[in-house]
Amino acid sequence: MQLRQWLRLGAVAVVVLSATAQAQDDATEKAIEKYRQMLREDPWSNPGLLDADRGEDLWNAARGPKKTSLAQCDLGKGPGVVDGAFAELPRYFADAGKVMDLETRLLWCMDKLQGFNRAELVRMPHPGGGQPVKELGAIATYVANKSSGMKFAPKLDHPQEKEMVALGEALFMRRSGPFDFACATCHAESGRRIRLQGLPFLSNPEAARKVVGEWPAYRVSTTHVMTMQHRLYDCYWQMRMPELELGSDASVALVAYLVSTAAGGEISAPGLKR
Amino acid sequence: MRFAKVTAALLAVSAAFGSEVPAQQKQKIDPARVDGTVKSAFPTAPADWQARLTPDETMQQCSAANNTPPAATFETIQARARASIQYPADGKFVGNWKAGEGLAQSGYGLRFTDTTPNRVNGGNCYACHQITKQEVSYGTIGPSLLQYGKARNFSEADAKRAYEKIYDPHASFPCSLMPRFGTNKVLTIAQIVDIVALLMSPDSPANK
């Protein structure tokens, strides 16, 4: 099947999804699962792969004020090593003296190696509906895709890594804002929904292994790739909290907590979401 | 000896469950570190949003107890919630169910993109509750409220209880997951009375 036909099928899926108010929830879920199954049968059909390709070009291109590529960017397995790097993140980076997840590390490399302005990169970090994922997100999609099929194997044994996981768990439980929401309000039990949207039980390893490795994911409803940090930003928006900063310790800590819970789960990025 | 065996078996069971959670998650974290992380995570938050970053005493107690507080804390939270409730001046708890339905549907309000002038906050009740048969797109974090008023014979006392649950759910269920719509000034007294009508009015589709 041609990509265009698959995109058309994606549009059909959008129609199916927008009609859910009238449909039986399980019938809807089955339709989405069928779409996912067809994508699995032809992995090249996920539109998010276009962004992975775009990300690969961006990784290799001489860019930024320093006109250099990311070939010297060390994602933890040595400068320029991309294969399998995502499966071992987040991790502690001695050069930065910090624990970083994939997006935070890319932000660091784009700033330090290519000379991009960090403040500028974090100012409008995520795309609006219908807009393609930003460059950093496309590179993240490329890097994550290069661990697709592998299992999450973060070490998380360095004292700062352990601290980040504990910090992430504390943030996951922390209720605040005018609605008193914590991540745990929606994600600390299985089988619950908001409207018709199923909610993963993210503090449960079995449930976390199924979903955490699907990010970055192509989102049918917004027709773009959403990265994990964008996902968290959107959660906080819905929780009535302010804008979560890209590369903040809170973002890294939550990713560290999620990945520690999902350890051993298979990576299938970019995934496909509602 | 039998007791020892049972104890050993129980320990084995608890160890099996305990092993689900990786050991590194058990590390203690300094509350000041958590507060500092939150403060720096939202650098664009305007001055009048800063209060959102810090949980109040009720939320601190609930988060610390994983939402199942010990008896003494339970009572403290409940008493605090009860004291915060303000009642309608005319003493009427059942308003207009049609207005209540609109509020139950609307998730608008208090997000950083919610900037439409004069648009009122919604209660977004359907996000978590089933209320009417007509609305099939409902969430399941909260219990179904179908036939809520009918099951309570439309009693005035139950209308008042429903009002209190929406105004501050901790007055009834300390560490409930539900927002404190009145105490946190998400909805006005008049809006809450309209939502009570959606649940308690004999004419409401919730009771059909």
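Placed above this text is the structure.
About the thresholds
Sequence positions are assigned chain by chain, starting from 1 and proceeding in written order. All chains are assigned letters beginning with A, and all ligands numbers beginning with 1, in the order in which they are written. Two thresholds apply to this predicted model, a pLDDT of at least 70 for residue-level local features and 80 or more for giving and counting side-chain atom pairs, whereas whole-chain, interface and lining totals are computed over all residues. Calculated side-chain values reflect all of the structure's heavy atoms, with hydrogen atoms and water omitted. Residues count as neighbours in contact if any of their non-hydrogen atoms are within 4.5 Å of one another. When two parts are brought into contact, each loses some accessible area as probed by a 1.4 Å sphere; the total of that loss over both is the buried area. A pair is scored as a salt bridge if a Lys or Arg side-chain nitrogen falls within 4 Å of a carboxyl oxygen belonging to Asp or Glu. Definition of a polar contact: a pair of N or O atoms within 3.5 Å, with one able to donate and the other able to accept a hydrogen when the atoms are protein atoms, and with sequence-neighbouring residues admitted only if both atoms are side-chain atoms. Secondary structure elements follow DSSP: runs of H or I no shorter than four residues count as helices, runs of E no shorter than two count as strands, and numbering proceeds from the N terminus. Gly is put with the polar residues, along with every residue not named as nonpolar or charged; the nonpolar set is Ala, Val, Leu, Ile, Met, Phe, Trp, Tyr, Cys and Pro, and the charged set is Asp, Glu, Lys and Arg. Pairs of cysteine sulfur atoms within 2.5 Å are what we label disulfides. Buried residues are those whose accessible area, probed at 1.4 Å on protein chains only, stays under 20% of the maximum for their type, while exposed residues exceed 50% and partly exposed ones sit between those limits. Only when DSSP finds a minimum of two bridges between them are two strands counted as paired. Here, axes are lines fitted to C-alpha atoms. For helices the fit covers the stretch in contact, and angles between N-to-C directions go from 0 to 180 degrees.

(A) Expanded view of the interface of chain B and chain A. Contact with chain B, which involves 55 residues of that partner, is made by 51 residues of chain A. For the pairing of chain B and chain A, the buried interface totals around 4600 Å² over both sides, and the portion due to carbon and sulfur atoms is 56%. Counting across the interface, chain B meets chain A through five salt bridges. Ionic pairing is found between Arg33 of chain B and Glu163 of chain A, a salt bridge with its closest N-O pair at 2.6 Å. Summed over the shared surface of chain B and chain A, the result is 26 residue pairs in polar contact (both at pLDDT 80 or more). Mapped onto the side of chain B that touches chain A, the elements with two or more residues apiece are α2 (31–41), α3 (57–64) and α5 (97–105) of chain B. When residues of the side of chain B that touches chain A are assigned to their parent elements, the largest contribution, seven residues, is made by α2 of chain B. Here the side of chain B that touches chain A is built from residues that sort into 27 nonpolar, 21 polar and seven charged.

(B) Structural detail: the state of the cysteines. Tallying each qualifying case throughout the model produces two disulfides over all chains. Across the disulfide, Cys73 of chain A is cross-linked to Cys109 of chain A (sulfur-sulfur distance 2.1 Å). Taking the torsion about the S-S bond as the criterion, the Cys73 of chain A to Cys109 of chain A disulfide, at about 80°, is right-handed. Remark: Cys109 of chain A occurs in helix α4 (residues 102–112) and Cys73 of chain A occurs in the loop between α3 (48–60) and β1 (91–93); sequence separation between them is 36 residues. Judged by its relative accessible area of 0%, Cys73 of chain A falls in the buried class. Here Cys62 of chain B is linked by a disulfide to Cys175 of chain B, with a sulfur-sulfur distance of 2.0 Å.

(C) Seen up close, the sheet that holds strand β7 (residues 271–273) of chain A. Residue and element names in this part refer to chain A. Reading across from one edge, β6-β5-β7 is the order of the three strands in this open sheet, with mixed pairing throughout. Among the strands making up the open sheet, the edge pair consists of β6 (224–226) and β7. Going across the sheet, the axis of each strand differs from the next one's by a mean of 40°, ignoring polarity. Two strands pair when backbone bridges link them, and strand β5 (residues 217–219) and β7 are joined in this way by three bridges, in the parallel orientation. Across the sheet, the residue bridging to Ala217 is Gly271, located in β7. Running at roughly 80° to β6, helix α10 (residues 228–238) makes contact with β5 and β6 of the sheet.

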